[in-house]
Amino acid sequence: MFTYYCKLAWRHILQTPALSLLIIMAIALGIGASMTMISYYKAMAHNPAGDRSEKLHAVQLAAYGNDMETWGMSDGFPRQLTHQDVKNLREANLSFPSTPIYQFMTVVVSQREGVAPSNDFAGRFVDRDFFSMFDVKFLHGGPWSQSVDEQPENQVVISKALSEWIFGEVNSVGKTFAMLDGIMQFTVAGVYEDFNPQPAYYDLTTGYFPREGAGVFAPYSLVEQLETFPMGNISGWQPEEVNGFKDILKSEYVWQVFWTQLDNEAAKAQYKEFLKGYVEQQRELGRFANQNPRGDIKDVETWLNYNEVISEDNRVMVGMSLLFLLVCLVNAVGLLLAKFMRKMNEAGVRRALGASKGQIFSQYLVEVGMLGFFGGLVGLLLASIGLWAVRELYGTDIARLDFSLFIGALLLSLLASLLTGILPALRVCNSNPSIFLKAQ
Amino acid sequence: MLRMNKISKVFSTDLIETHALREFDLGVAEGEFVTVTGPSGSGKTTFLNIAGLLETFNSGEYFLDGEDVASLNDRQRSQLRNQKIGFIFQSFNLIPDLDLFDNVDVPLRYRGFSAAERKKRINYALERVGLAARAKHLPSQLSGGQQQRVAIARALAGEPRFLLADEPTGNLDSLMARQVMELLEEINSEGTTIVMVTHDPSLARRAQRNIQIIDGQVSDQQQLAQAV
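These figures come from a predicted structure and were not determined experimentally.

Conventions we followed
- Residues numbered from 1 in each chain as written.
- Chains lettered and ligands numbered in written order.
- Predicted model: local features only at pLDDT ≥ 70, side-chain atom pairs only at ≥ 80, totals over all residues.
- Heavy atoms only, no water.
- Helix = DSSP H or I, 4+ residues; strand = E, 2+ residues; numbered from the N terminus.
- Buried < 20%, exposed > 50% of the residue type's maximum accessible area, 1.4 Å probe, protein only.
- Contact = heavy atoms within 4.5 Å.
- Expected span 1.5 Å × (residues − 1).
- Arc of directions from axis to C-beta.
- Polar contact = N/O pair within 3.5 Å; in protein donor to acceptor, adjacent residues only side chain to side chain.
- Salt bridge = Lys/Arg side-chain N within 4 Å of Asp/Glu carboxyl O.
- Pairing = 2+ DSSP bridges.
- Core = buried A, V, L, I, M, F, W, Y, C linked by side-chain atoms within 4.5 Å.

**Student:** Lay out the side chain of Gln155 of chain A with the relevant residues and their values.
**Tutor:** Residue and element names in this part refer to chain A. Position of Gln155 among the secondary structure elements: in strand E6 (residues 155–159). Under the relative-accessibility criterion, Gln155 is labelled buried at 18%. Ignoring any residue separated from it by four or fewer positions in sequence, one finds Gln155 in contact with Trp144, Ser145, Val148, Phe186, Thr187, Ala189, Phe217, Ala218 and Pro219.

**Student:** Before we move on, could you go through helix H9 (residues 265–284) of chain A and cite the residues and values that matter?
**Tutor:** Residue and element names in this part refer to chain A. The terminal C-alpha atoms of H9 lie 29 Å apart, and with 20 residues this matches the ideal 28 Å at 1.5 Å per residue to within 8%. Considered for burial, the residues of H9 that qualify are Ala267, Lys268, Tyr271, Phe274, Leu275, Tyr278, Val279 and Gln282. End-on, the buried residues of H9 take up no more than an arc of 140°, which puts them together on one face. Exposed residues lying more than 90 degrees from the buried face of H9 are Glu265, Ala266, Glu273, Lys276 and Glu284. Elements that come into contact with the buried residues of H9 comprise strand E1 (56–61), helix H3 (83–91), strand E10 (254–261) and strand E11 (295–299). For H9, the N-terminal cap is Asn264; the gap from its side-chain oxygen to the backbone nitrogen of Ala266 is 3.3 Å. Once H9 finishes, Gly286 follows within two positions and takes phi at roughly 95°, a positive value.

**Student:** Can you break down the pattern of salt bridges residue by residue, with the values?
**Tutor:** Any two side chains of opposite charge can pair, so long as their charged atoms come close to each other. Under the defined criterion, the tally for this structure stands at 33 salt bridges over all chains. Of the charged contacts in the structure, one is a salt bridge between Lys343 of chain A and Glu346 of chain A, with a shortest N-O distance of 3.4 Å. A salt bridge links Asp65 of chain B to Arg161 of chain B; the shortest N-O distance between them is 2.5 Å. Within this pair, whereas Asp65 of chain B is found in the loop between strand E4 (59–64) and strand E5 (67–68), its partner Arg161 of chain B is found in the loop between helix H5 (144–157) and strand E7 (162–166), the two being separated by 96 residues in sequence. Three or more residues are tied together by salt bridges with common partners; here these are Lys343, Glu346 and Arg350 of chain A together with Asp97 of chain B.

**Student:** Explain the sheet that holds E4 of chain B to me, using residue names and the numbers behind them.
**Tutor:** Residue and element names in this part refer to chain B. Read across the open sheet, the four strands follow the order E2-E1-E4-E5; overall the sheet is antiparallel. A single partner strand is all that each edge strand has here, and the edge strands are strand E2 (17–28) and E5. Pairing analysis gives two bridges linking E4 to E5, with the strands arranged antiparallel. Bridge pairing in E5 places Phe63 opposite Asp68.

**Student:** Could you give me a rundown of the environment of Val150 of chain B, with the residues and numbers involved?
**Tutor:** Residues and elements named next belong to chain B. In this fold, Val150 is placed in helix H5. By relative accessible area, which is 0% here, Val150 ends up buried. On a C-alpha basis, the gap between Val150 and Val104 in space is 7.3 Å, while along the polypeptide they are 46 residues apart.

**Student:** Let's hear about the nonpolar core: which residues, and what values?
**Tutor:** In this structure, Met4, Phe47, Tyr62, Leu64, Phe162 and Val195 of chain B are the most contacted members of the largest nonpolar core, which totals 75 residues. Ranked by residue count, the leading element in this core is helix H13 (residues 357–394) of chain A, at nine residues. Not counting the four nearest positions on each side in its chain, Leu64 of chain B is found in contact with Met1, Leu53, Val69, Leu80, Ile85 and Phe162 of chain B. In terms of nonpolar packing, the next biggest core, distinct from the first, is built from 45 residues, Phe245, Phe258, Tyr271 and Ile297 of chain A among them.

Quick look at the structure:
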């Protein structure tokens, strides 16, 4: 009977093209709007760290003076660290993998003929552990050696895209190229395939959803030597005279992040104890003079929530879009009632000829399901357009319709339309056929 | 074939109760052709709807082919209606967007016949009413008399033992009405029980028995001819 119902449904849809189109569009608009927001929300809610989420921890220090009762985020921690603290944390030589991070912009000189130098490339200073901690997959070579973290050398890890831009399609490991001022030479230690987790949880200070990942990673040990100004947020709790890069290094300005990998509870407890000692030590040196000096670690999930990667506005928008879907469905109910009322006579005839209420109900529900399916397909098209607009508006590459969202949209559309169709279908199947048989 | 004992049917609204049938008693034997007459509002159509299991009743007993229908649920009533009863309406009630073949197919679909069986029955039923050549026409392409013949073909396709006709000639001119009546008589002569509501006294007289309903009760019964 299902194919018979499908045949009848298709025939009815063709008979009332304008009304059917209105119903399809009502469902499609609701699905399009809600799927756009759900897809965007899902992309933002994604934790790209996977099973490393509970191991990787951002380190925070309440590193401000007595002038401030509290500073930074709502919990009294700034999101970033001073260079002094990062330097001290690095030199503490704990056994846990760890890395500081800060972003810089650089000029890169291509070795391909006719390609002008470009300053479009972002780089980040990191320690060697960064690559294992954040699971960077290498295409050629690998990270610089451990000794480079102590004794700086002009070695870098670059992306495949940057390697091809500089050298063309060759294995560039061991080759040198000019960057930063366009003269300084750097040797390629490794080339990675693709590394642009969304959101960019490893460094949220320069945007949550960058379209391009870093093109080049350079050893953090070069920071003091290269004197490269950071790109991104720099903030301080007190006015300080800064006349050059060296002043920033010595200042109380916060502008770097520091990650450490703590694989179990014992490691976390040990690191917290270490931070406690470190804070005490700094207080003795006259720093951290505020009322509640302390350190903290936050795992990736906590860090993403803490940085409000998904803002309250986004949640409200998802709620609003679902309400909009509800409004569209209420409209669809009205349109379906109008459509089905026209079929009361036919339903009466079918009842007289032996159809049960259940069969009439099923027949009309199949028609609603078909309308919902078409509504879902058009809704997916609208959602694709909506997500394209989101990408253009926010300059990110997230929020695309994947297979699960595609199936989810169709299921949501089917479910929504079937719920919508229950009332009109019940009205038809519960009507008294004898009235319509006589009245026709 | 049909036995109604003290059937009552009341239509209620907030303000008024209308007694459409009052302790209505009637029996129709297998193979009989019974016409039902009576003034408008007398309960003829209500009787027909209850007989065709399209309406329930408030009290009394109704046995169709020996089966007590009061205890049946909607699915069972629909099944019984589909298997044993054929309907013919005054306004034909063909589904306008289905061609003749698909119209006749409707009751067979609910019967669960195979595609081949349905096709065989549809072709036979349409041949029987002389419209096999127009199987792919829409009802709107036919005259009133032809549409009623399609409706008869639809009623016959499932080979019901009981045919209920509600003023089947009411919308037809006299020639077409006579043709339809002859077709019904032929069907009856082959053993199908027919109960026909009509306003036309001349048609009413052509049946074996005429019953008159007034105020929801059988007021008069006339034996007109011997059952076949």
